[in-house]
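# Structural characterization, general
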Amino acid sequence: MSEPPTAPPPAPGAEEYLALDFVNSAIALPAGHFIDLLGTPEATNRWLTEHGLAPSDAGVQEMCAAQLRSLREHLRSLFAARVAGAPALPAALSAVNDALSRAPSAALLYWDERNGPYRAAPCPTNEILDRALAALAANAAELLTSPDADRLTGCGSAPCNRYLLRHGRRHWCSTRCGDRARAARAYTRRAQAQPG
């Protein structure tokens, strides 16, 4: 029995842009394998918790997970359009703008008797999803409108579907994908060199 496939490490740029890691949470792997880090409510809650967007006991339900997966697909569409230099789909822009307007972005002023004034964004439990959607949409909008957007590219190793911020000539999201692409090129060269 073979080991289940594991997710590759975060792609270059994911440390800077949470939205990049979010878009890459649906991963196509060789041999038809696929990993969806938002595939179940429990997995979605885990991903949100690991990224500071929800408490571990948020109790994400399928409806919330489905909304996050939908936003992810809209963001993937926008990333693909940016990389291809193509127009954005109006539905994707609308979905992102809807997510951006769901939660207030200003931190409110509070006063603690012991420590004095501080600012914090209120987040009742019923707003956790709205805040997560707004934060992810805002981060994606920041990436797409920043100079870093010129470095946004898709992984150059089929069948990988992840995005990364290119550094130099690197066009792969992970060492694993880079090794696979180099091996495929070497195989092609050897096959072409053999007499037919």
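These figures come from a predicted structure and were not determined experimentally.

Take the nonpolar core next. Membership of the largest hydrophobic core comes to 33 residues, with the highest contact counts inside it found for Phe 22, Leu 48, Leu 68, Leu 71, Leu 75 and Phe 79. When residues of this core are traced back to their parent elements, those giving at least two are helix 1 (18-23), helix 2 (41-50), helix 3 (62-84), helix 4 (90-100), helix 5 (128-145) and strand 6 (163-165). At eight residues, helix 5 tops the list of elements feeding residues into this core. Each residue touching Leu 75, except ones within four places of it in the same chain, is listed here: Phe 22, Val 23, Val 96, Leu 136 and Ala 140. In this structure, Cys 155, Leu 164, Trp 172 and Cys 177 belong to the second largest nonpolar core, which totals eight residues.

Right, let's get into the packing of aromatic side chains. This model, assessed by the stated rule, comprises two aromatic pairs. Look at Phe 22 and Trp 47: their rings are 5.5 Å apart centre to centre, the planes differ by 55°, and that puts the pair in the tilted class. With Phe 22 in helix 1 and Trp 47 in helix 2, the pair connects residues that are 25 residues apart, well separated along the chain. Seen from their ring centres, Phe 79 and Tyr 163 are 5.7 Å apart, and the 85° between their planes marks the pair as edge-to-face. Placement of Phe 79 in helix 3 and of Tyr 163 in strand 6 is noted, with a sequence separation of 84 residues between them. With respect to burial, Phe 79 and Tyr 163 carry one shared label: buried.

This brings us to the pattern of salt bridges. Enumeration over the complete set of coordinates arrives at seven salt bridges. Between Arg 72 and Asp 36 there is a salt bridge, with its nearest N and O atoms 2.7 Å apart. Of the two residues, Arg 72 is situated in helix 3 and Asp 36 in strand 2 (residues 34-36); the sequence distance between them amounts to 36 residues. Its relative accessible area of 23% is what places Asp 36 among the partly exposed residues. One salt bridge connects Arg 69 with Glu 62, and the closest N-O pair in it is separated by 2.2 Å. Since its relative accessible area comes to 18%, Arg 69 is described here as buried. A single salt-bridge network, built from bridges that share partners, covers Asp 36, Arg 72 and Glu 73.

Further remarks concern the confidence of the model for the protein chain. Within the protein chain, residue pLDDT values average 88, and 92% of them lie at 70 or more. Mean pLDDT per element in the protein chain: helix 6 (residues 175-193) is the minimum at 78, and helix 1 is the maximum at 97.

Across the junction of Ala 158 and Pro 159, the peptide omega takes the value 5°, indicating a cis bond. Considering the arrangement of structural elements, one finds Pro 159 in the loop between strand 5 (152-154) and strand 6.

Reading the values: the criteria
Residues numbered from 1 in each chain as written. Predicted model: local features only at pLDDT ≥ 70, side-chain atom pairs only at ≥ 80, totals over all residues. Heavy atoms only, no water. Core = buried A, V, L, I, M, F, W, Y, C linked by side-chain atoms within 4.5 Å. Buried < 20%, exposed > 50% of the residue type's maximum accessible area, 1.4 Å probe, protein only. Helix = DSSP H or I, 4+ residues; strand = E, 2+ residues; numbered from the N terminus. Contact = heavy atoms within 4.5 Å. Phe/Tyr/Trp six-rings, centres within 6.5 Å; stacked < 30°, edge-to-face > 60°. Salt bridge = Lys/Arg side-chain N within 4 Å of Asp/Glu carboxyl O. pLDDT = per-residue confidence, 0-100.

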